[in-house]
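One-letter residues, chain by chain:
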Amino acid sequence: MNEVSLFRLYLLRALYLLIVVGLGIVVWPGVIHQEKPWELMEGVVACMLAAFSALSVLGLRYPLQMLPLLLWELVWKSIWLIIVALPLWVSGQMDESTWATASSCLLVVIFPFVIPWRYVFTHYVKKRGDRWR
């Protein structure tokens, strides 16, 4: 049986809600009431986070269908923490800005406990892909 428990669905919904509320408080005010033009990467990050939070709203209704969104977030934050933050931390070169970003990214540690890995394996690894022709 590959069904995800109701409890796990509520955990997923809670995670999506945390993302929606958290980014709604932190990111959306700056997007809506932008005081000055953003630098290139600052604008890219703000818009990507706004899109992530907007798509997370769909996760409240469709928690399993929106799993790729959580997987993407887990993967990119894990890569950044391992490739960027960890070497700086080990060498004692973390500055205040990098610490702030790393702290934000560390929220990803709860994702592996919420994601239904058996479902992911069954539907994204084991299941036949869509046809190419």
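It should be noted that the structure appears before, not after, this text.
The rules we used
- Residues numbered from 1 in each chain as written.
- Predicted model: local features only at pLDDT ≥ 70, side-chain atom pairs only at ≥ 80, totals over all residues.
- Heavy atoms only, no water.
- Salt bridge = Lys/Arg side-chain N within 4 Å of Asp/Glu carboxyl O.
- Helix = DSSP H or I, 4+ residues; strand = E, 2+ residues; numbered from the N terminus.
- Buried < 20%, exposed > 50% of the residue type's maximum accessible area, 1.4 Å probe, protein only.
- Expected span 1.5 Å × (residues − 1).
- Arc of directions from axis to C-beta.
- Contact = heavy atoms within 4.5 Å.

Asker: Describe the pattern of salt bridges, naming the residues involved and giving the relevant values.
Answerer: For the coordinates displayed, the defined rule picks out one salt bridge. Linking Lys77 and Glu73 is a salt bridge whose minimum nitrogen-to-oxygen distance equals 2.8 Å. Taken together, the residues span about one helical turn, with Lys77 and Glu73 both in helix 4 (residues 67-90) at a distance of four residues. Overall, Lys77 belongs to the buried group, its relative accessible area being 11%. Note on Glu73: relative accessible area 2%, which makes it buried.

Asker: Before we move on, could you go through helix 1 (residues 6-26) and cite the residues and values that matter?
Answerer: Given a rise of 1.5 Å per residue, 21 residues ought to cover 30 Å, and the 30 Å separating the end C-alpha atoms of helix 1 matches this to within 8%. By the burial criterion, the buried members of helix 1 are Leu9, Leu12, Leu15, Tyr16, Ile19, Val20 and Leu23. Taken around the axis of helix 1, the buried residues stretch over an arc of 135°, which confines them to a single face. Exposed and oriented more than 90 degrees from the buried face of helix 1 are Leu6, Phe7, Tyr10, Ile25 and Val26. Tucked inside the fold, the buried residues of helix 1 contact helix 2 (28-32), helix 3 (40-61), helix 4 and helix 6 (111-114).

Asker: Describe the environment of Trp72, listing the residues and the values that go with them.
Answerer: Tracing the backbone shows Trp72 in helix 4. Between the alpha carbons of Trp72 and Glu35 there is a distance of 30 Å; along the sequence they are 37 residues apart. Those residues in contact with Trp72 that sit more than four places away from it in its chain are Met48 and Phe52.

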